[in-house]
Amino acid sequence: MSSNITHEIDIVTVPSSKINTVDFENLSFGTVFTDHMFVCDFKEGRWHKPQIKPYEPFLLDPSAKVFHYGQAIFEGMKAYKDDQDAVWLFRPDQNLDRFNKSAVRMAMPEVPEDIFMSGLHQLIDLEKNWVKKGLGNTLYIRPFMIAVGSGVIAAPSTQYRFMIILSPAKSYYSGEVKVIIAEHYSRAANGGIGAAKAAGNYSAQFYPTKLANEKGFQQIIWTDDATHTKLEEAGTMNVFFRINDTLYTAPTSERILDGVTRKSLIDLAKRDGIKVEVRPVLVSELIDAAKDGSLKEVFGTGTAAVVNPIVGFSYQDNYYELPKIENSFALELKNKLTNIQYKLADDTFGWTVKI
């Protein structure tokens, strides 16, 4: 994939970079940010000229609608540096498409492709020294949009701010992950905003996840809101189940996010002869497979972790440990995907875009 889209951007650079003060070997995910950020405002019914400027706080009116009615959406992406010091994006068109679907669902203006892509390319090109070589080293990219118009009337804002901020990251590892299958709480409901990458989706997960943490579990596998019989997502990730030698994952819907990593792993699995079924997966199926030994793997997928193996799950106070296997589909697919992202393997799908 290539991108030739350009948009004029005002650029103001910092007097001196803070990069030499950063310990790149001991990064805490999402807490260190680069020198610059991208900003573009929507007001008077149109997008105004974007800027790249020093990373800094900005002022908002206390009545800004993002605070009162939660109009906020975001994306998660990464940039990678290959052995020749070239910097690459992975399927940014998919993030733009999902971002704008989220915007429509939240009654926010869509961001034009030229503004989104030019902002990405010019900001990352300016900050390319923050992208370190080596497997596991990435530059995490956070595009987001918030409602900045003032007033507490319950109506969509007329003013918005689209921004991109960047954070250097090491390989994401959360240790052994044990999960609880949800019996009461739901991530999203039919007709709701589950398919949008909206901020409120994540804050609504914090309390039930806190309860799971208190019981010694790291995450929740969410179930459908109506019957709690269908398995949907794991924490903030899409989730796959390997029963015998077939991978199963739920179809995307109004409740389930259309993950870029998810769809990429499905394509890789199909290319390499791993059978994949995209269909509703029942809790009862998972329990039966755990009991008869046919359940081999459960793993979450997402931008931050890529693939996060799950070592066991609890349901109705019964705990089921997963077997330790040598030919892990999760690790095989993770390696194949990261090799494409770091340009260590041929990108036969045309997913990578050079900065």
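Rules behind the numbers
Residues numbered from 1 in each chain as written. Predicted model: local features only at pLDDT ≥ 70, side-chain atom pairs only at ≥ 80, totals over all residues. Heavy atoms only, no water. 1 Å grid on protein atoms, 1.4 Å probe; cavity = no way out; pocket = protein on both sides within 12 Å on 5 of 7 lines; lining within 4 Å. Points joined across faces, edges and corners; volume = space filled by probe spheres on them. Helix = DSSP H or I, 4+ residues; strand = E, 2+ residues; numbered from the N terminus. Nonpolar A, V, L, I, M, F, W, Y, C, P; charged D, E, K, R; others polar. Axes fitted to C-alpha atoms, helices over the stretch in contact; angles between N-to-C directions. Parallel < 35°, antiparallel > 145°, perpendicular 65-115°, else oblique. Contact = heavy atoms within 4.5 Å. Core = buried A, V, L, I, M, F, W, Y, C linked by side-chain atoms within 4.5 Å. Buried < 20%, exposed > 50% of the residue type's maximum accessible area, 1.4 Å probe, protein only. Pairing = 2+ DSSP bridges. Left-handed = near helix turned anticlockwise from the far one by under 90°. Expected span 1.5 Å × (residues − 1). Bend = angle between axes of the 7 residues up to and from the residue. Salt bridge = Lys/Arg side-chain N within 4 Å of Asp/Glu carboxyl O.

Peer 1: What exactly am I supposed to notice about the layout of surface pockets here?
Peer 2: If a probe the size of a water molecule is rolled over the atoms, the empty space left behind becomes visible. Volume-wise, the largest pocket comes out at about 700 Å³. If you go around the largest pocket, you meet 31 residues; those closest to its centre are Tyr172, Tyr202, Thr236, Met237 and Ala304. Those elements that place two or more of their residues in the lining of the largest pocket are β8 (138-147), α4 (199-214), β13 (237-243), α5 (260-271) and β17 (295-302). Sorting elements by how many residues they give to the lining of the largest pocket places α4 first, with 4 residues. The residue inventory of the lining of the largest pocket, partitioned by class, reads 12 nonpolar, 15 polar and 4 charged.

Peer 1: I would appreciate a short explanation of empty space enclosed by the protein in the present structure.
Peer 2: Under the definition given, this model contains 3 cavities of 30 Å³ or more. Roughly 120 Å³ of volume is contained in the largest cavity. Surrounding the largest cavity, Gly76, Met77, Lys78, Tyr80, Phe90, Asn95, Val260, Thr261, Thr303, Val306, Leu337 and Gln341 form its lining. Elements supplying a minimum of two residues to the lining of the largest cavity: β6 (77-81), α5 and α7 (329-341). Here the lining of the largest cavity gets 3 residues from one element, more than from any other, and that element is β6. Residues of the lining of the largest cavity, tallied by class, amount to 6 nonpolar, 5 polar and 1 charged.

Peer 1: For this particular structure, what's the right way to read the packing of α5 against α7?
Peer 2: Packed helices, taken two at a time, are described by the angle between their axes plus the distance between the axes. Two numbers describe how α5 lies on α7: the axes approach to 10 Å, and their chain directions differ by 105 degrees. Considering their axes alone, α5 and α7 lie roughly perpendicular with respect to each other. Residues Thr261, Ser264, Leu265, Leu268, Ala269 and Arg271 of α5 touch α7, and the partners they reach there are Leu333, Lys336, Leu337 and Ile340.

Peer 1: Would you mind showing me how to read the nonpolar core here?
Peer 2: Most often, soluble globular proteins have nonpolar side chains that are buried together. In terms of nonpolar packing, the biggest core is built from 40 residues, with Phe38, Phe116, Leu120, Ile141, Met145 and Phe162 touching the most fellow members. Among the elements of the structure, β2 (36-43), β6, β7 (87-90), α2 (92-105), α3 (113-126), β8 and β9 (160-169) are those that each provide at least two residues to this core. Here the element with the most residues in this core is α3; it accounts for 6 residues.

Peer 1: Even after reading the chapter, I still don't get the pairing of β9, so can you show me in this structure?
Peer 2: Every other side chain in a regular strand lies on the same face of the sheet, so the side chains alternate between the two faces. Counting buried positions over the 10 residues of β9 gives 10, a clear majority of the element. Both faces of β9 are covered, namely the face carrying Tyr160, Phe162, Ile164, Leu166 and Pro168 and the face carrying Arg161, Met163, Ile165, Ser167 and Ala169. Pairing between β2 and β9: 5 bridges, direction antiparallel. Residue pairing in the sheet places Cys40 in a bridge with Phe162 of β9.

Peer 1: Looking at this structure, I do not really get the packing of α2 against α3. What am I missing?
Peer 2: Direction vectors running N to C along α2 and α3 enclose 135 degrees, while the axes themselves pass 11 Å from each other. Relative to α3, α2 is oriented oblique. At the point where α2 passes α3, the crossing takes the right-handed sense. Here α2 contributes Pro92, Asp93, Asn95, Leu96 and Phe99 to the contact with α3, which in turn contributes Glu113, Phe116, Met117 and Leu120. Here the residues of the contact of α2 with α3 sort into 6 nonpolar, 1 polar and 2 charged.

Peer 1: Help me understand α4, please; the structure alone is not making it clear to me.
Peer 2: Along an α-helix, a turn takes 3.6 residues, which lines up residues three or four apart on a common side. Spanning 16 residues, α4 covers 24 Å between terminal C-alpha atoms, matching the ideal 22 Å at 1.5 Å per step. Of all the bends in α4, the largest measures some 30 degrees and sits at Tyr207, one to four residues before the proline Pro208. The complete set of buried residues in α4 reads Asn201, Tyr202, Gln205, Pro208, Thr209 and Ala212.

Peer 1: Explanation requested: the pattern of salt bridges in the structure shown.
Peer 2: Pairing is possible between side chains that carry opposite charge, provided their charged atoms lie close to one another. Tallying each qualifying case throughout the model produces 21 salt bridges. The shortest N-O distance in the salt bridge between Asp245 and Arg242 comes to 2.6 Å. Classification of Asp245 by relative accessible area gives partly exposed; the value is 49%. A salt bridge links Asp272 to Arg271, with the nearest nitrogen and oxygen atoms 2.9 Å apart. Asp272 sits in the partly exposed class, given a relative accessible area of 32%. Classification of Arg271 as partly exposed rests on a relative accessible area of 41%. Connected through salt bridges with shared partners, the residues Arg271, Asp272, Glu332 and Lys336 form a single ionic network.

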